[in-house]
Amino acid sequence: MTTLVKQGRIRVKRKTPGEVFECGVDADRTIATFAVRYLQHLDPSGQPVGPLPSFAEDAEVMTALYKSMVLTRTFDGRAISLQRTGQLGTYPSCLGQEAIGTGVASVMADDDVLLTTYREQAAHIWRGVTLEEIFQYWGGDERGSDFSGPRRDFPVCVTIAAHAVHAVGVASAMKLRHEPRVAVCVLGDGATSKGDFYEAVNLAGVWRLPVVFVINNNQWAISVPRHAQTAAETLAQKAIAGGFEGVQVDGNDIVAVRQAATDAIETARTGGGPGLIEALSYRMGDHTTADDAGRYRPKDEASNHQSKDPVARLRAFLDDRGWWSKEKEKTLIAKCKARVEEAKEAYLAIVPEETTAMFDHLYETLPPALAAQRNIAAGGDDE
Amino acid sequence: MTTLVKQGRIRVKRKTPGEVFECGVDADRTIATFAVRYLQHLDPSGQPVGPLPSFAEDAEVMTALYKSMVLTRTFDGRAISLQRTGQLGTYPSCLGQEAIGTGVASVMADDDVLLTTYREQAAHIWRGVTLEEIFQYWGGDERGSDFSGPRRDFPVCVTIAAHAVHAVGVASAMKLRHEPRVAVCVLGDGATSKGDFYEAVNLAGVWRLPVVFVINNNQWAISVPRHAQTAAETLAQKAIAGGFEGVQVDGNDIVAVRQAATDAIETARTGGGPGLIEALSYRMGDHTTADDAGRYRPKDEASNHQSKDPVARLRAFLDDRGWWSKEKEKTLIAKCKARVEEAKEAYLAIVPEETTAMFDHLYETLPPALAAQRNIAAGGDDE
Amino acid sequence: MSEITLLSALTLAMARAMEEDENVVILGQDVAVNGGVFRATEGLLERFGNERVLDTPLAETMIAGMAVGMAAEGLRPVAEFQFMGFSYPAIDQLLNHGGRLRNRSRGRLTCPLVFRTPMGAGIHAPEHHSDSTEVMFAHIPGLRVVIPSSPARAYGLLLASIRDPDPVVFLEPTRLYRALREDVADDGEALPLDTCFTLRQGSDVTLVTWGAMVKETLAAADSLEADGISAEVVDVATLKPLDTETILASVEKTGRLVIIHEAAKTGGFGGEIAAQVAEHGLLHLQAPIGRVCGYDVVPPLPKLEDAFLPSEARIVEAAESAVAFA
Amino acid sequence: MSEITLLSALTLAMARAMEEDENVVILGQDVAVNGGVFRATEGLLERFGNERVLDTPLAETMIAGMAVGMAAEGLRPVAEFQFMGFSYPAIDQLLNHGGRLRNRSRGRLTCPLVFRTPMGAGIHAPEHHSDSTEVMFAHIPGLRVVIPSSPARAYGLLLASIRDPDPVVFLEPTRLYRALREDVADDGEALPLDTCFTLRQGSDVTLVTWGAMVKETLAAADSLEADGISAEVVDVATLKPLDTETILASVEKTGRLVIIHEAAKTGGFGGEIAAQVAEHGLLHLQAPIGRVCGYDVVPPLPKLEDAFLPSEARIVEAAESAVAFA
Ligand SMILES: Cc1ncc(C[n+]2csc(CCOP(=O)(O)OP(=O)(O)O)c2C)c(N)n1
Ligand SMILES: Cc1ncc(C[n+]2csc(CCOP(=O)(O)OP(=O)(O)O)c2C)c(N)n1
Ligand SMILES: [Mg+2]
Ligand SMILES: [Mg+2]
């Protein structure tokens, strides 16, 4: 019957995505259109590109953001050096992506819930996870995930995008209980290829959940560049598949990030449904300390990105406003270094857990069947 | 630090999806827009709504399509009655959705590969899977999937959306070998919620694979209605997440389905990348013979849909053109019934497989370790 | 008290748990309006409303992960997967997250959830509807794995599972859903999640089984009795944590052990039980440990289904050769 | 011949297979430009081009399903999952599709693919990078499951796996990737996929193991020898299909058996081996079957990793008590 194949074909005009389709015949009409917005407030030199949101006119707010970003960066550098000297395990640097975590976390409420990948030290530090805890986790000790600060935040998620489905569960709990709380899920550009992400986005849309997805689009997923991850022109448009809106922001511009996060989080909090923010950034370092980006990354790419650095950009903005000075910078750097050193010392001084700890948090009450194993682990005889 | 939360918020204009965003400040601009087209050629009464594609002017083509749809429907009804009398297992009716399978299959080449759910008997019948084989499969005999016709087509996929990832694998093989072939994947509205579907769509986009996804949007996934499945206004827009275009068609209008399929398949075949077609249809029966739609479906919904029936619509069109008659109809019905009865008899006469068949197709060569088990199954002693 | 099916006992247990704890929520495909494809959740939507009985989109990874997220927030989600064969996308969530959340956060976040799913062959269902892969779950640290085999045990074990502070995989043999009726008191009494149930006392041979195969095993015990062989029948019920003691005590008494399960033999949970006995009860064994299991094949479509399922005859034969062994 | 690591042996085998059959393609995350995070596929892109060595998006279900689709079309995909802990989304595809395609189509479509993934603890990696869940794969009908423990066996077994007409799960112990070097001839000689390898002859006790634990087991055998105990060491290598005969023959000779694996004990593959011996070799056993396994816990982060891994000392102790048993 396949002789019919070649018959009666009419070419339908194909459009390049991003271009609105012009209706042809009656038979063929446009029934839905979508757009993705892009938000930037500060250009790479720290100059406003238009009127600023009011928080950006508040010196106290802006310097607080700056301080947290610098603390994060100081911590990050120290973590890498500790790893190099064998005092820390594999560590994923967040260099160059501080504006995302800091900007987003700074507009979350204490009892909102943050769920992130392994690269959002900036957000954790703002939320009150201690530097000791972050060292401890990457030093190979589970107690580092027993956050002393945000008790309901999730431990970092290493299995890519799995926390996106946790986030919709957390948000469902909030919604079912009519609590004005929001779940915020931060994940990478690579994570947007995974079904978990999409299933979460789809549920968030159809249940109008109080959840905000923030994509740290740092352009790389280990060695796989953004363009090899998806043909979508923006990652923000992934939200369209879930029936809601995504927005792309300059992720090196903390004003834009914070602005977009404010909007999305408050919309979510007040019953307006989920949000998705694609924050364009750049992974200035290797994927982790176990990686060598030199193997796969175009030679000058990283150095070309220096000019977009989010910390330098905010610094330039503060300078312009007269809110900052060389003196203040010197003091800040010294303070950050001291705090990080202090945390490092505290981390190195931590007494290791007993071997049996691996049994003691597995269930609320250890099943009798495991007592014998625990006994061996404690140094007793084999079963 | 969360005292900052309440400060400096600017409301960003939110748009309802489907409305193009009007740029406000410089800081905030639209960077991408998308549209979803809708295609219909025949209205529910069979009247053209505009100029028709040329194949629709070809009596031979159109009557062939009609005959195959009627054969499918005859088969379908008989399968249900066989199940009711215990001669067939659980069976999923395709009543009301025949235009989709027939329309799509009719523009596939023999060596294209079809991968479908359990509800695309229409497509299988066109492709040359025998009625006996379809009976045999739903009668609980694996040999029903050993298609005598399209040898490279996949067996029906019961695990929802899993065949979407097979389809991109099949399409990858075709592309890597530079063959002008296409993989066609037909799945349901419910399937579009599953990560597999999205992962496949995303890969199809970024690798520009020769694959076409066809969504049989029959409005229900067992008891879950389309609107509870996703907030997306159209399922066609799911393609936007993969960076390509989706189109929505009237799935009860075989001219529209066939037209959209022609376009998408030929685009895919000639290196233009993947396509996605959402065919709007309706599940006129229960989910399967094990289901009772009366438990969950609004009372008049199914009967209200009668007027959109794809078979009646094509019949009206043929009638209008003078290509059909009561006489021809009578002959066709009789012929279809006879063919189905013949298939039923052949099916019922099939000699059951040996018990050991469950071992004999597991591996190319049965591992010696399984010989003892096979022996028991053959009636020998237990190990 | 009333004579009810295993299925109704499950509904009763869920309703009871929802009544006593408002944190209990039901979620899954078709569980609300339709009451589940097997009707296990029938009536719960009407009784507890659409904020506690939730029809989800078709996405198993999401259902599993959502349950983890809900549980971390203090809800007690009871998630249904429509068939075991569709539950595999949940394994990633169970293994990497559900079973680990308490441990990896050192007790800060916990995961009190139940994953229910129908399992097993024998109801002439379509492809992929007949799996018995319980061992895959029973191997995962941090979980409990429970399989009821009677209405009363279904009630008591499901209640216990929902009340348990840790994740429980609750597997329901479809073959038993409506196969037998039993008096079940809706008294809120849970059964323990760490003991086997000895369903029949015997002295010549121990038959250890669980789930749907309890039926054939009890029938086999009857046949054996007619032949003068006294078989003890142990329903494992909770595979993880495993109550090795009850099994060892029985083997000590009988000296002979046959393990019966529907799952594929190789790497099935029967191996674990045999290994425990070969480690801790070797001296009591007067015969090789027999295993009567599903073959290592794909569960066949209905036409060959009966030939696939371990039969009463195979159990009798294995028990007889154990007893005859000298 | 040259002294190479297990990792290089894998690369060599893949290159060889690609050379001899143009249907062999490599796919996975970071396998092309980066040569794999462990460098197992290093140089293959340069040598075979970007139509045969494919970096995929980050989506394990898709990678698995794509491989099934490719295999059905006659390619021989070798897909890498970056770590076992990330491979679970592939289980659905392996269980419902890869392992069944031949059977469900009665031989019309086949599935000659290889899923490679690094496994096991001991390299101080982050969370989720240390799993040993081989039994979950070994329980799935229609698959082969292979775990090499030396460069030469890695080469021969991977070649055999790629040439095999059915799906193979090929699990690579990260702890051994660079732990030892061995002369490996790139001669295209495959090793059989249905036999255990007896690595050391002995007469007092049989130590059965696989993967990374082969290292500690051989070391334990050395220690035992110093104490006058002669241990036979069997590397199972192919878990599915299992070569029970070699194990039984060894147990017949020694009368004592200790099974060693890194995976969690409960429901681990050691249970299967113990069960086979308790079924077919009971009379040869002069002592209970010992199992030295990973605990039933979440593989801990690096600080407690050493305490988690079964140690040489635990193996020695178990072997000694088996030998001392009377
Ligand atoms: C499910 C899963 N697959 C693979 C990996 C291995 N892996 C770790 S990070 C990574 C790349 C993630 O990229 P992206 O989402 O962009 O986050 P980024 O590291 O850039 O922050 C991969 C593949 C993993 N952790 N989880
Ligand atoms: C992964 C998976 N989950 C659940 C099911 C059970 N199930 C069978 S059909 C179905 C609904 C499918 O709906 P849709 O995709 O719209 O296809 P339709 O049946 O309407 O053709 C469900 C949930 C399944 N087969 N596979
Ligand atoms: Mg990235
Ligand atoms: Mg549907």
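Think of each chain on its own: its residues are numbered from 1, step by step along the sequence as written. Just so you know, chain letters begin at A and ligand numbers begin at 1, following the order they were written in. The predicted nature of this model means local features are confined to residues of pLDDT at least 70 and side-chain atom pairs, given and counted, to a pLDDT of 80 or more, with totals for whole chains, interfaces and linings taken over all residues. Here the side-chain values reflect all heavy atoms present in the structure, with hydrogen atoms and water set aside.

**With respect to the overall build of chain A**
Across its full length, chain A carries 13 helices and eight strands. Counting only C-alpha atoms and orienting by the principal axes, one finds that chain A spans roughly 80 × 65 × 50 Å. The buried label applies to any residue whose accessible area, calculated with a 1.4 Å probe on protein chains only, is under 20% of its type's maximum; exposed applies above 50%, and partly exposed to all values in between. Taken over 383 residues, chain A has a buried fraction of 65%. Between two residues, a contact is recorded if the distance between any of their heavy atoms is within 4.5 Å. Partitioning the intrachain contacts of chain A with sequence separation of at least 6 by distance along the chain shows that 71% fall at a separation of at least 24. Areas reported here follow the Shrake-Rupley algorithm with a probe of radius 1.4 Å; residue values treat only the protein chains shown as occluding. Entry remark: accessible area of chain A is about 12600 Å², with carbon and sulfur atoms responsible for 52%. Two residue types count as positive, namely Lys and Arg, and two as negative, namely Asp and Glu; His and chain ends fall outside the count. By convention, charge coordinates are those of NZ in Lys, CZ in Arg, CG in Asp, or CD in Glu. One finds the centroid of the 42 positive side-chain charges in chain A at a distance of 6 Å from the centroid of its 51 negative side-chain charges. A run of H or I in DSSP counts as a helix once it spans at least four residues, and a run of E counts as a strand once it spans at least two, with each numbered from the N terminus.

**Quick notes on the sheet that holds strand S7 (residues 168-173) of chain C**
Residues and elements named next belong to chain C. Strand pairing is assigned whenever DSSP detects at least two bridges linking the two strands. Spatially, the seven strands line up as an open sheet ordered S3-S2-S4-S5-S7-S6-S12, and their pairing is mixed. The outermost strands of the open sheet, each flanked by one partner alone, are strand S3 (53-55) and strand S12 (238-240). Direction aside, neighbouring strands of the sheet carry axes that sit 20 degrees apart on average. With two bridges joining them, strand S6 (residues 144-146) and S12 adopt antiparallel strand pairing. Bridge pairing links Val146 to Thr238 in S12. Each axis is a line fitted through C-alpha atoms, and for a helix only the stretch in contact is used; angles between axes span 0 to 180 degrees, taken between their N-to-C directions.

**With respect to the side chain of Ser87 of chain D**
All names here are of chain D. Along the chain, Ser87 falls in the loop between strand S4 (76-80) and helix H4 (89-98). Judged by its relative accessible area of 3%, Ser87 is buried. Look past the residues within four positions of Ser87 in its chain and what remains in contact with it is Phe81 and Phe137.

**Quick notes on the site of ligand 2**
Working definition: residue near molecule or strand if any one of its non-hydrogen atoms lies within 4 Å of it. Near ligand 2 lie 20 residues; those nearest to it are Tyr118, Arg119, Asp189 and Trp220 of chain B together with Glu60 of chain C. Ligand 2 is flanked by residues contributed from chains B and C. Val158 of chain B places a polar main-chain atom, nitrogen or oxygen, 2.8 Å from a nitrogen atom of ligand 2. What qualifies as a polar contact is a pair of N or O atoms within 3.5 Å, subject to a donor-acceptor requirement within protein and to the restriction that residues adjacent in sequence count only when both atoms come from side chains. The separation between a nitrogen atom of ligand 2 and a polar main-chain atom of Ile160 of chain B is 3.0 Å.

**Focus: the domain arrangement of chain C**
All names here are of chain C. Segmentation of the chain into domains, including their bounds, is taken from an automatic or database domain assignment. Examined at the domain level, chain C breaks down into domain 1 (2-184) and domain 2 (197-324). Centre-to-centre, using C-alpha coordinates, domain 1 lies 26 Å away from domain 2. Contacts between the two partners involve 31 residues from domain 1, matched on the other side by 27 residues from domain 2. As a working definition, buried area equals the accessible area (1.4 Å probe) given up by two parts on being put together, with both sides summed. In total, about 2200 Å² of surface goes out of reach between domain 1 and domain 2, with carbon and sulfur atoms giving 59% of it. Here, a salt bridge means any side-chain nitrogen of Lys or Arg that lies within 4 Å of a carboxyl oxygen of Asp or Glu. At the junction of domain 1 with domain 2, the criterion picks out three salt bridges. Between domain 1 and domain 2 we count 13 residue pairs in polar contact (both at pLDDT 80 or more) in total.

**Thoughts on the sheet that holds strand S13 (residues 257-264) of chain C**
Residues and elements named next belong to chain C. Sheet architecture is open: five strands sit in the order S9-S11-S10-S13-S14, paired in mixed fashion. Single-partner strands in this sheet number two, and they are strand S9 (197-200) and strand S14 (290-294). When the angles between neighbouring strand axes are averaged without regard to direction, this sheet yields 25 degrees. In the sheet, strand S10 (residues 205-209) pairs with S13 via four bridges, with the strands oriented parallel. Its bridge partner lying in S13, Thr206 is registered against Leu257.

**Observations concerning the domain arrangement of chain A**
Here the domain parsing of chain A yields domain 1 (2-32), domain 2 (35-352) and domain 3 (354-383). Spacing between the C-alpha centres of domain 2 of chain A and domain 3 of chain A amounts to 38 Å.

**Brief notes about the site of ligand 1**
Taken together, 20 residues form the shell around ligand 1, and within it Tyr118, Arg119, Asp189 and Trp220 of chain A together with Glu60 of chain D come nearest. Close to ligand 1, residues of chains A and D are found. The contact in question runs from an oxygen atom of ligand 1 to an N or O atom on the side chain of Tyr118 of chain A, over 2.6 Å. In the environment of ligand 1, a nitrogen atom lies 3.4 Å from a nitrogen or oxygen atom belonging to the side chain of Gln82 of chain D. Protein coverage of the free-state accessible area of ligand 1, which is 580 Å², stands at 96%. Each residue gets one of three labels, nonpolar for Ala, Val, Leu, Ile, Met, Phe, Trp, Tyr, Cys and Pro, charged for Asp, Glu, Lys and Arg, and polar for the others, Gly among them. Classifying every residue of the shell around ligand 1 by side-chain character gives nine nonpolar, seven polar and four charged.

**Regarding the nonpolar core**
The criterion is simple. A nonpolar core is a set of buried Ala, Val, Leu, Ile, Met, Phe, Trp, Tyr and Cys residues joined through side-chain atoms within 4.5 Å. Met62 and Phe213 of chain A, Met62 and Phe213 of chain B, Ile247 of chain C together with Ile247 of chain D are the most contacted members of the largest nonpolar core, which totals 406 residues. With residues up to four places along the chain from it excluded, the contact list for Met62 of chain A reads Phe55, Ala56, Ile254, Val255, Leu314, Phe317, Leu318 and Trp323 of chain A.

**Details of the coordination of the magnesium ion (ligand 4)**
Residues and elements named next belong to chain B. Ligation of the magnesium ion (ligand 4) by protein atoms is provided by Asp189 (OD), Asn218 (OD1) and Trp220 (O), these donors lying 2.0 to 2.1 Å from the ion. Counted as donors are N, O and S atoms no farther than 2.8 Å from the metal, or 3.2 Å for Na, K and Ca; water is not among the atoms, and sites may therefore look incomplete. Donor residues binding the magnesium ion (ligand 4) come from one chain and are separated in sequence as D-x28-N-x1-W. Its relative accessible area of 4% is what places Asn218 among the buried residues.

**Considerations on the pattern of salt bridges**
On inspection of all chains with the given rule, the structure shows 91 salt bridges over all chains. Across the pair Arg315 of chain B and Asp319 of chain B runs a salt bridge, and its minimum N-O distance is 3.3 Å. With Arg315 of chain B and Asp319 of chain B both in helix H10 (residues 310-321), this residue pair falls four residues apart, about one helical turn. When the shortest N-O distance is used, the salt bridge between Asp166 of chain C and Arg102 of chain C registers 2.7 Å. Here Arg102 of chain C lies in helix H5 (residues 101-104) and Asp166 of chain C lies in the loop between helix H7 (151-163) and S7, a separation of 64 residues in the sequence. Residue classification places Asp166 of chain C among the buried positions, given a relative accessible area of 2%.

**Things to note about the interface of chain A and chain D**
If you look at the interface, chain A gives 39 residues, while chain D gives 35 residues. Approximately 3000 Å² of surface area, both sides summed, lies buried where chain A meets chain D, with 58% of it carried by carbon and sulfur atoms. In this structure, the connection of chain A to chain D is made through one salt bridge. As a salt-bridge pair, Arg295 of chain A and Glu42 of chain D come within 2.9 Å of each other at their nearest N and O atoms. Scanning the region where chain A abuts chain D turns up eight residue pairs in polar contact (both at pLDDT 80 or more). Contributing elements (two or more residues each) for the side of chain A that touches chain D: helix H4 (131-138), helix H7 (226-229), helix H12 (357-360) and helix H13 (371-377) of chain A. Broken down by class, the residue content of the side of chain A that touches chain D amounts to 19 nonpolar, 10 polar and 10 charged.

**Things to note about the coordination of the magnesium ion (ligand 3)**
At 2.0 to 2.1 Å from the magnesium ion (ligand 3) lie its protein donor atoms, namely Asp189 of chain A (OD), Asn218 of chain A (OD1) and Trp220 of chain A (O). Using a relative accessible area of 2% as the deciding quantity, one classes Asp189 of chain A as buried.

**What to know about the packing of helix H3 (residues 60-72) of chain C against helix H4 (residues 89-98) of chain C**
Describing two packed helices takes the angle between their axes plus the distance from one axis to the other. All names here are of chain C. Between H3 and H4, the shortest axis-to-axis distance is 7 Å and the interhelical angle comes to 25 degrees. Looking at the two axes, H3 sits roughly parallel to H4. The way H3 lies across H4 gives a crossing that is right-handed. In contact with Glu60, Thr61, Ala64, Gly65 and Val68 of H3, H4 contributes Pro89, Ala90, Gln93, His97 and Gly98. A breakdown of the residues in the contact of H3 with H4 according to their chemical character gives four nonpolar, five polar and one charged. Roughly parallel refers to an angle under 35 degrees, roughly antiparallel to one over 145, roughly perpendicular to one between 65 and 115, and oblique to any angle outside these ranges. Left-handed is the label given to a crossing in which the near helix is rotated counterclockwise from the far helix by less than a right angle, and right-handed is the label when the rotation is clockwise.

**Focus: the packing of aromatic side chains**
Here a Phe, Tyr or Trp ring, Trp counted by its six-membered ring, pairs with any other such ring whose centre lies within 6.5 Å, and the pair is stacked when the planes are under 30 degrees apart, edge-to-face when over 60, and tilted otherwise. Counting across every chain of the model gives 31 aromatic pairs over all chains. When the ring of Tyr91 of chain B is compared with that of Trp138 of chain B, the centres are 6.2 Å apart and the planes differ by 85 degrees; the resulting orientation is edge-to-face. Of the two residues, Tyr91 of chain B is situated in the loop between helix H1 (59-84) and helix H2 (98-105) and Trp138 of chain B in helix H4 (residues 131-138); the sequence distance between them amounts to 47 residues. Here Tyr91 of chain B and Trp138 of chain B have matching classes, each one buried. Each ring, one from Phe83 of chain D and one from Phe86 of chain D, has its centre 5.9 Å from the other, and the planes form 80 degrees; the classification is edge-to-face.

**Some points on the pairing of strand S1 (residues 28-39) of chain B**
The buried count for S1 of chain B comes to nine of 12 residues, which makes it a mostly enclosed element. When strand S1 (residues 28-39) of chain A meets S1 of chain B, the two strands line up antiparallel, connected through 11 bridges. From the neighbouring strand, Phe34 of chain A faces S1 of chain B, where its bridge partner is Phe34 of chain B. Pairing of S1 of chain B with strand S7 (residues 246-250) of chain B, which is carried by three bridges, proceeds in the parallel orientation. Its bridge partner being in S7 of chain B, Tyr38 of chain B is matched across the sheet by Gln248 of chain B.

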